[in-house]
Amino acid sequence: MPHALLCLVAVVTMAMLMPIAAPAAEPPAAKPPVATFARAAIAPDLPPQYLYLIRATLQTLSDANRTGNYTVLRDIAAPSFRAANTAADLARVFADPRQKNIDLAAALLLMPKLAQAAHQDAQQRLVLTGHVPSQPARLTFDLRFEAVGGHWHLAAVAIGVEANPKTAGAAR
């Protein structure tokens, strides 16, 4: 290796190993960190990890309903879910929302609301039950997740559509 290239590699390696020094300038004006501000603005009462689990599940189910292919939904779920459901079983279970063209993707743009505090059931599964306040009907969900390898994986999913109480009695 030529001497100049070897020196360049050594300098780059040393630079990568050196700690980054904090600037000596004055601290910036008091602003909340972007992540804290975004979390507060998006979902003050819904932890980001629960929001992710709800939206990721609804997105995957939406894709499965649009394509009629439930293998990804099944394959990324917990082992107990995979053992209990074939892709064909899931296609039958979700035939009604698919045939009614219920747009689950639209629900992803709205903030889900939990009907009860997140908790673990008797089988130690994380329970997230609530709705997405869409108009004129709202999407309800009951999701259960099992801890597998340090991550939550879908163990059970139920969705429904019901009249939105805010618009159910409104005059037209």
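Here the structure is a predicted model, which means the values were calculated and not measured.

What counts and what doesn't
Residues numbered from 1 in each chain as written. Predicted model: local features only at pLDDT ≥ 70, side-chain atom pairs only at ≥ 80, totals over all residues. Heavy atoms only, no water. Helix = DSSP H or I, 4+ residues; strand = E, 2+ residues; numbered from the N terminus. Pairing = 2+ DSSP bridges. Phe/Tyr/Trp six-rings, centres within 6.5 Å; stacked < 30°, edge-to-face > 60°. Buried < 20%, exposed > 50% of the residue type's maximum accessible area, 1.4 Å probe, protein only. Expected span 1.5 Å × (residues − 1). Contact = heavy atoms within 4.5 Å. Polar contact = N/O pair within 3.5 Å; in protein donor to acceptor, adjacent residues only side chain to side chain. Salt bridge = Lys/Arg side-chain N within 4 Å of Asp/Glu carboxyl O. pLDDT = per-residue confidence, 0-100.

**Considering unusual backbone geometry**
And then number 1: Here Gln-135 and Pro-136 are connected by a cis peptide whose omega angle stands at -5°.
And then number 2: With respect to the helices, strands and loops of the structure, Pro-136 is situated in the loop between strand 3 (126-132) and strand 4 (137-148).
And then number 3: A positive phi angle is found at Gln-124, which is not glycine, with a value near 65°.
And then number 4: By the secondary structure assignment, Gln-124 is in the loop between strand 2 (119-120) and strand 3.

**Topic: the pairing of strand 4**
And then number 1: When strand 3 meets strand 4, the two strands line up antiparallel, connected through seven bridges. Paired with Val-127 across the two strands is Arg-144, which belongs to strand 4.
And then number 2: Relative to strand 5 (residues 151-163), strand 4 runs antiparallel, the two being bridged by twelve bridges. Paired with Leu-139 across the two strands is Val-161, which belongs to strand 5.
And then number 3: The hairpin turn running from strand 4 into strand 5, its antiparallel successor, is two residues long, and Gly-149 in that turn takes a positive phi close to 60°.

**Let's talk about the packing of aromatic side chains**
And then number 1: Enumeration according to the criterion identifies one aromatic pair in this entry.
And then number 2: Their ring planes at 10° and their centres at 6.2 Å tell us that Tyr-70 and Phe-94 sit as a pair that is stacked. Here Tyr-70, found in the loop between helix 3 (48-67) and helix 4 (71-75), pairs with Phe-94, found in the loop between helix 6 (87-93) and helix 7 (95-99); they are 24 residues apart in sequence, far enough to count as distant. Like Tyr-70, the residue Phe-94 is buried in the burial classification.

**Examining helix 3**
And then number 1: Between the first and last C-alpha of helix 3 there are 28 Å, a value that for 20 residues agrees with the 28 Å anticipated at 1.5 Å per step.
And then number 2: Buried within helix 3 we find Tyr-50, Leu-51, Leu-53, Ile-54, Thr-57, Leu-58, Thr-60, Leu-61, Ser-62, Ala-64 and Asn-65.
And then number 3: Just downstream of helix 3 lies Gly-68, where phi reads positive at about 75°.

**Side note on the environment of Asn-164**
And then number 1: Position of Asn-164 relative to the elements: it lies in the loop between strand 5 and helix 9 (165-168).
And then number 2: Of the residues examined, Asn-164 reaches a relative accessible area of 3% and is grouped as buried.
And then number 3: Taking the C-alpha atoms as reference, Asn-164 lies 5.3 Å from Arg-138; in sequence the two are 26 residues apart.
And then number 4: Residues within four places of Asn-164 in sequence aside, it is in contact with Pro-133, Ser-134, Gln-135, Pro-136, Ala-137 and Arg-138.

**Notes on the side chain of Thr-57**
And then number 1: Along the polypeptide, Thr-57 turns up in helix 3.
And then number 2: Judged by relative accessible area, which is 8%, Thr-57 ranks as buried.
And then number 3: In terms of polar contacts, Thr-57 uses its side chain to reach the backbone carbonyl oxygen of Leu-53, at 2.8 Å.
And then number 4: Every residue in contact with Thr-57, bar those within four places of it in the chain, is listed here: Leu-143, Phe-145, Leu-154 and Val-157.

**Overview of the pattern of salt bridges**
And then number 1: Summed over all chains, the structure comprises eight salt bridges.
And then number 2: Across the pair Asp-89 and Arg-92 runs a salt bridge, and its minimum N-O distance is 2.5 Å. Separated by three residues within a single helix, Asp-89 and Arg-92 lie in helix 6, roughly one turn from each other.
And then number 3: Looking at Asp-89, the relative accessible area reads 23%, which means it is partly exposed.
And then number 4: Between Asp-121 and Arg-125 there is a salt bridge; the shortest N-O distance is 2.9 Å.

**Quick notes on the confidence of the model for the protein chain**
And then number 1: Across the protein chain, the average pLDDT comes to 78, with 70% of residues at or above 70.
And then number 2: When mean pLDDT is taken per element in the protein chain, helix 5 (residues 79-84) scores highest with 98 and helix 1 (residues 3-17) scores lowest with 36.
And then number 3: Below pLDDT 50 for its whole length, residues 3-26 participates in one contact with residues either more than four positions away or in separate chains.
And then number 4: Of the regions scoring below 50 in pLDDT, residues 30-42 engages in five contacts with residues more than four places distant in sequence or in other chains.

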